[in-house]
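Tertiary structure, described
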Amino acid sequence: MLEEKTPVSPDVAVASTPPGSDTIRDDQKLHEKTSPDRTDKYAKYAGEAPDGGFKAWSVIVASLLLSFGYVNSSWGVFQDYYEKVLLSDKSPSTIAWIGSYTFIYLPGLATGRMFDLGYFRIPYFVASCGLILCTFLTAECKQYWQFLLVQGLFTGLFSGIIYALAISVVSHWFSKKKGMVLGIVSIGTSLGGTLFPIAGQKLIPLVGFQWTVRTFGFMVLVALGIANLVIDRRLPPVNVKGGLLNLSAFRNPAYTLYCVSGIACLLGLYTMLTYLPVSAAAVGMSSNILFYFVAMANAASVLGRLSAGWLADLIGPLNVMIPFTGLAGILTFAWPYASSQGALIGVSVLYGFASGTYIALLVAPPMAMGDIGDVGRRVGMFLTIAALGALLGTPISGALNARTGGFKEPGFYAGAMVMFSVLLLFVVRYLHLGRLHGKC
């Protein structure tokens, strides 16, 4: 993991405060104080993160099931179907706004703060119910504004709540193996992004769009139902002064610049996955194979995310993210020139692998840039800021496509954004380490 600049061990600091203690620690001016009446139930988990055991791994499985239940990990399939059938009177850029809202991490700011204060299972359950309901309601949508609200805005809000909570709790159970478990958690999205497009390709001709989405809803119900039964936090909540924001975190230039790099990367990272089926159709690919391009990219992403997690524990997350995100940027430049089936398959698979490393380790650096008692708020602030890139990226690419009628301009734009974020990651790495070489 990233090497800490403070002497505080993040997984020990909060847990080492005995129940009922009035000791107040001053880590990075956070002034955390454990609430005495809420620590007894966590006493059996006191001490360092277990980095294993049945309970710890059950939490990881629950977080994986959450990301599997995120149907819109396969948004490219919906983008293609809406352009051709349901919303054929709308431009690609207009339709892309639906998908861009589903990638929004805006609730991370509020839910991260809630996590630090101890509000975990109730918001997790409520958001799970909301996400399931939105999936079923998507099947009933007929007009653009309905899709925008249900499949876009509300799905994005509920997903953002669940994601921030599920990711933050990982740091309670794992420290030395944090990179590996973040990779494992993130493969749920890839597995869902592989299964849902294939299921959609088979089911839509047989039962139609509505029952296909309803089937997705039942799958999400099972996944999130199991997740809610087993997920739990390990450490007691802490009262971190400062309210919703911890502006002192931005005194760390590495954290500040990492937030900027997150915006830049997400402005371009989802473009290729969103428009891959559409671009394949534009060069004459059979409609029977279009959905499989997204599935192949997501399947390759499984290997990329697992490899990223394993490597991150050995050499540090930024040392993994920089080269593979750079590869994703290069492949984004190359994507518009892939005009044959073999070339598109190759680009899809390589891109899925490369982009998966960034998504898997997205929250690892901010997790390590401070104390664990404030991890929810710190990660939440980053996700909320990075959401600007996720929100605007695909609509900008869609507008470029509508203006030019091709995918070269969207590819150049998205590739440039990703490569710019890589340059920023180099600077972040240097600022955090204070030198050019080392685990980071």
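Procedures and definitions
- Residues numbered from 1 in each chain as written.
- Predicted model: local features only at pLDDT ≥ 70, side-chain atom pairs only at ≥ 80, totals over all residues.
- Heavy atoms only, no water.
- Disulfide = S-S within 2.5 Å.
- Core = buried A, V, L, I, M, F, W, Y, C linked by side-chain atoms within 4.5 Å.
- Buried < 20%, exposed > 50% of the residue type's maximum accessible area, 1.4 Å probe, protein only.
- Contact = heavy atoms within 4.5 Å.
- Phe/Tyr/Trp six-rings, centres within 6.5 Å; stacked < 30°, edge-to-face > 60°.
- Helix = DSSP H or I, 4+ residues; strand = E, 2+ residues; numbered from the N terminus.
- Expected span 1.5 Å × (residues − 1).
- Polar contact = N/O pair within 3.5 Å; in protein donor to acceptor, adjacent residues only side chain to side chain.
- Axes fitted to C-alpha atoms, helices over the stretch in contact; angles between N-to-C directions.
- Left-handed = near helix turned anticlockwise from the far one by under 90°.
- Nonpolar A, V, L, I, M, F, W, Y, C, P; charged D, E, K, R; others polar.
- Salt bridge = Lys/Arg side-chain N within 4 Å of Asp/Glu carboxyl O.

**Topic: the state of the cysteines**
A complete count under the given rule lists 0 disulfides for this structure. Considering cysteine sulfurs only, Cys134 is the nearest to Cys141, which forms no disulfide, with 8.9 Å between them.

**A short note on the nonpolar core**
Counting 112 residues, the largest nonpolar core has Tyr82, Leu269, Tyr358 and Val363 as its most contacted members. Discounting residues that sit within four places of it in the chain, Tyr358 has contacts with Ser261, Gly262, Cys265, Leu266, Leu269, Met321, Thr325 and Leu425.

**Quick look at the packing of aromatic side chains**
A full pass over the atoms with the stated rule returns 15 aromatic pairs. A ring pair is formed by Trp335 and Phe407, whose centres lie 5.6 Å apart and whose planes are at 55°; its orientation type is tilted. Here the residue Trp335 occupies a position in the loop between α12 (317-334) and α13 (341-361), and Phe407 occupies one in the loop between α15 (375-404) and α16 (408-433), the gap between them amounting to 72 residues. Take Trp335: its relative accessible area is 1%, and that puts it in the buried class. You can call Phe407 buried: its relative accessible area is 12%. Ring pairing ties together the aromatic residues Phe78, Tyr81, Tyr82, Phe147 and Phe209, which thus form one cluster.

**Section: helix α9 (residues 253-268)**
With 16 residues, α9 extends 23 Å between its outermost C-alpha atoms, agreeing within 8% with the 22 Å of an ideal straight helix rising 1.5 Å per residue. Those residues of α9 not exposed but buried are Ala254, Tyr255, Tyr258, Cys259, Ser261, Gly262, Ala264, Cys265, Leu266, Leu267 and Gly268. Contacts from the buried residues of α9 go to α10 (271-282), α12, α13, α14 (364-368), α15 and α16. With a side-chain oxygen lying 3.0 Å from the backbone nitrogen of Ala254, the N-terminal cap of α9 falls on Asn252.

**Examining the packing of α12 against α13**
Two numbers describe how α12 lies on α13: the axes approach to 8 Å, and their chain directions differ by 145°. By crossing handedness, the relation of α12 to α13 is classed as left-handed. Contacts from Pro317, Val320, Met321, Phe324, Thr325, Leu327, Ala328, Leu331 and Thr332 of α12 reach α13 at Val347, Leu350, Tyr351, Phe353, Ala354, Ser355, Thr357, Tyr358 and Leu361. Here the contact of α12 with α13 is built from residues that sort into 14 nonpolar, 4 polar and no charged.

**Thoughts on the environment of Leu244**
Assignment of secondary structure puts Leu244 in the loop between β2 (238-240) and α9. Between the C-alpha atom of Leu244 and that of Arg113, which follows or precedes it by 131 residues, the distance is 6.0 Å. Once you skip the residues sitting within four places of it in the chain, Leu244 turns out to touch Leu109, Ala110, Arg113 and Arg377.

**What to know about α12**
For α12, built from 18 residues, the straight-helix expectation of 26 Å at 1.5 Å per residue is met to within 8% by its first-to-last C-alpha distance of 26 Å. Looking at the packing, one finds that the buried side of α12 touches α9, α10, α11 (287-315), α13, α14 and α16.

**With respect to the pattern of salt bridges**
Side chains that differ in charge, positive against negative, can pair when their charged atoms come close. Taken as a whole, this structure holds 1 salt bridge when the rule is applied. One salt bridge in this structure joins Glu140 and Arg214, with 2.8 Å as the shortest N-O distance. Here Arg214 lies in helix α8 (residues 178-230) and Glu140 lies in the loop between α6 (121-138) and α7 (144-173), a separation of 74 residues in the sequence. In this structure Arg214 comes out as buried when scored by relative accessible area, which is 16%.

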